[in-house]
Amino acid sequence: MILFYYPGACSLANHIALIETGLPYELVSINHEKKTADGRDFLAINPKGYIPALELEDGTVLTENPVILNYIAEKSGKLLSKKEGIRWQVLEVLAFMASEIHGSYQPFFRNFSEPEKERAREKLKKAFSILSDQIGGKMFLVSDEITIADCYLFWVLMVAPRSGVELPTPLRNYFDHMKIRPAVAQALSEEHLD
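Residues numbered from 1 in each chain as written. Predicted model: local features only at pLDDT ≥ 70, side-chain atom pairs only at ≥ 80, totals over all residues. Heavy atoms only, no water.

An unreviewed UniProt entry annotates the protein as Glutathione S-transferase of Thalassospira xiamenensis.

**Quick word on the overall build of the protein**
Regarding its fold elements, the protein presents nine helices and four strands. Mapped from its N terminus to its C terminus, the protein presents α and β elements in the order β-α-β-α-β-β-α-α-α-α-α-α-α. Seen through its principal axes, the protein has C-alpha atoms that stretch 45 × 45 × 30 Å. Expressed as a percentage of its 194 residues, the buried residues of the protein come to 48%. For the protein, the accessible surface area stands at approximately 9,400 Å², while carbon and sulfur atoms represent 53% of it. Each charge class in the protein can be summarised by its mean position, and for the 21 positive and 26 negative side chains these summaries are 3 Å apart. (Helix = DSSP H or I, 4+ residues; strand = E, 2+ residues; numbered from the N terminus. Buried < 20%, exposed > 50% of the residue type's maximum accessible area, 1.4 Å probe, protein only. Areas by Shrake-Rupley, 256 points an atom, 1.4 Å probe, with all protein chains shown as cover. Lys, Arg positive; Asp, Glu negative; His and termini not counted. Charge placed at Lys NZ, Arg CZ, Asp CG, Glu CD.)

**As for the layout of surface pockets**
Approximately 760 Å³ is the volume found for the largest pocket. Along the wall of the largest pocket there are 26 residues; nearest its centre are Tyr50, Ile51, His102, Gln106 and Phe109. When contributions to the lining of the largest pocket are tallied by element, the ones reaching two or more residues are helix 3 (65-76), helix 4 (84-102), helix 5 (106-109) and helix 7 (148-158). Within the lining of the largest pocket, the residues separate by chemical class into 14 nonpolar, eight polar and four charged. Taken domain by domain, the lining of the largest pocket gets at least three of its residues from each of domain 1 (2-77 + 185-191) and domain 2 (84-181). A volume near 160 Å³ is recorded for the second largest pocket. Lining the second largest pocket, in full, are Gly77, Lys78, Leu79, Leu80, Ser81, Lys83, Ile86, Ser143, Asp144, Glu145, Ile146 and Thr147. Partitioned by chemical class, the residues of the lining of the second largest pocket number four nonpolar, four polar and four charged. (1 Å grid on protein atoms, 1.4 Å probe; cavity = no way out; pocket = protein on both sides within 12 Å on 5 of 7 lines; lining within 4 Å. Points joined across faces, edges and corners; volume = space filled by probe spheres on them. Nonpolar A, V, L, I, M, F, W, Y, C, P; charged D, E, K, R; others polar. Domains from an automatic or database assignment.)

**Considering the packing of aromatic side chains**
Counted under the stated rule, the structure contains five aromatic pairs. A ring pair is formed by Tyr152 and Trp155, whose centres lie 6.3 Å apart and whose planes are at 10 degrees; its orientation type is stacked. Here Tyr152 pairs with Trp155, and both are found in helix 7, just three residues apart, close to one helical turn. When sorted by exposure, Tyr152 lands in the same class as Trp155, which is buried. By the ring-pair criterion, three or more aromatic residues cluster together here, those being Tyr105, Phe109, Tyr152 and Trp155. (Phe/Tyr/Trp six-rings, centres within 6.5 Å; stacked < 30°, edge-to-face > 60°.)

**Here we look at the sheet that holds strand 4 (residues 61-63)**
Pairing within the open sheet is mixed, and its four strands lie in the order 2-1-3-4. One side of each edge strand has no neighbouring strand; the edge strands of this open sheet are strand 2 (26-29) and strand 4. Put simply, the sheet's adjacent strands are angled 25 degrees from each other on average, direction ignored. Both strand 3 (residues 53-55) and strand 4 contribute to a ladder of three bridges, which runs antiparallel. When the bridges of strand 4 are listed, Ala53 appears paired with Thr63. (Pairing = 2+ DSSP bridges. Axes fitted to C-alpha atoms, helices over the stretch in contact; angles between N-to-C directions.)

**A short note on the pairing of strand 1 (residues 2-5)**
Alternating positions in strand 1 separate into two faces, Ile2 and Phe4 on one and Leu3 and Tyr5 on the other, with burial throughout. Inspection of the sheet shows strand 1 paired to strand 2 by four bridges, in the parallel sense. Its bridge partner being in strand 2, Tyr5 is matched across the sheet by Ser29. For the segment spanning strand 1, helix 1 (residues 11-21) and strand 2, crossover handedness is right-handed. One ladder, built from three bridges, connects strand 1 with strand 3; its direction is antiparallel. Within the sheet, the bridge partner assigned to Leu3 lies in strand 3 and is Leu54. (Right-handed = clockwise from strand over helix to strand, strands pointing away.)

Structure, rendered in structure tokens:
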């Protein structure tokens, strides 16, 4: 599989999941001009023009973080419990992070007006409070084992400082714990973010 990524972008969640599962992968970076490191036009690979994109062995290209993370989990048999209650909680929190948090980062990534940024900060504070209550003092977000939700949450928390929103203590502690996890450290190193 080929993971198209931009260093430090949300594709980091997929990168971490690939390492955690042990699935073979190749990394190909893209630049702001939508060219891949191997010289291809990224828009020909993913007409949406954004990452992540995961090219499968048969040439199929998957996009959207929750879909790619779910694919990695299904393909490997890891990072997504077969227990229905836990499984649905993982998918629920993935959707929550994608819509309520990831989407709320746009004003900070694209330099929107200050009133738009302030609305986003309020939404982020509420979302972080919900996740903080969910994690409590646990090592991982949903269960006692790492899941694809944790791969995404690491990235969500890594970019939180751009918003200026202070993370609640349980989330700061979680981030510090995840940052030293071997798969996370490897992904950060491979993307030259360490």
